[in-house]
Amino acid sequence: MPTGQSSMSLPEETVTTLLGLSPESKPAPRVTPTDPLIELAILGLSLLVGVAIGWLLFPLPLAALFQGLLGVPAQPSDLGRLGALLGGLAGLGVGATVRLVFRREG
């Protein structure tokens, strides 16, 4: 007759003893609250840096990409805004990753 409990389950005290932990010394989660202004500053700074890098460095490779793959004649001066957009998106990705790393380490 089934009892509703699996015969494979162990009591919590047994599991913590097997892992070498006492019941009162369970590890606490490492996520700590951080200041939202700091997180916003990290994202804003990474966005600005990404836009600046994208505006300066991306137009030349983008022009070569348009000419080589698509056969569309493009001048690097025409692709400054696209480079800034792509750089800003890349900067936001880097900023979000940095924010997550600092949030978990904090």
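None of the values given here were measured: they were computed from a predicted structure. (Residues numbered from 1 in each chain as written. Predicted model: local features only at pLDDT ≥ 70, side-chain atom pairs only at ≥ 80, totals over all residues. Heavy atoms only, no water.)

Considerations on the overall build of the protein chain
A tally of helices and strands in the protein chain yields four helices and zero strands. Counted from the first residue to the last, the protein chain has its helices and strands arranged as α-α-α-α. Sorting the 106 residues of the protein chain into buried and exposed places 16% on the buried side. Of all intrachain contacts in the protein chain linking residues separated by at least 6 positions in sequence, the fraction that spans at least 24 positions is 64%. As presented, the protein chain carries roughly 8,300 Å² of accessible surface, and 71% of it is formed by carbon and sulfur atoms. (Helix = DSSP H or I, 4+ residues; strand = E, 2+ residues; numbered from the N terminus. Buried < 20%, exposed > 50% of the residue type's maximum accessible area, 1.4 Å probe, protein only. Contact = heavy atoms within 4.5 Å. Areas by Shrake-Rupley, 256 points an atom, 1.4 Å probe, with all protein chains shown as cover.)

Digging into the side chain of Ser46
By secondary structure assignment, the location of Ser46 is in helix 2 (residues 36–57). The contact partners of Ser46, leaving out residues within four places of it in the chain, are Gly91, Leu92 and Gly95.

Here's the deal with helix 3 (residues 59–70)
One turn of an α-helix holds 3.6 residues; hence residues three or four places apart share an orientation. Its 12 residues give helix 3 an end-to-end C-alpha distance of 16 Å, which sits within 8% of 16 Å, the value for a rise of 1.5 Å per residue. Taken residue by residue, helix 3 has Pro59, Leu62 and Ala63 as its buried positions. Taken around the axis of helix 3, the buried residues stretch over an arc of 105°, which confines them to a single face. Across helix 3 from its buried face, at more than 90 degrees, point the exposed residues Leu60, Gly68 and Leu69. In the stretch just after helix 3, Gly71 is the one whose phi turns positive, near 75°. (Expected span 1.5 Å × (residues − 1). Arc of directions from axis to C-beta.)

Functional significance is not addressed by these values, which are geometric in nature.
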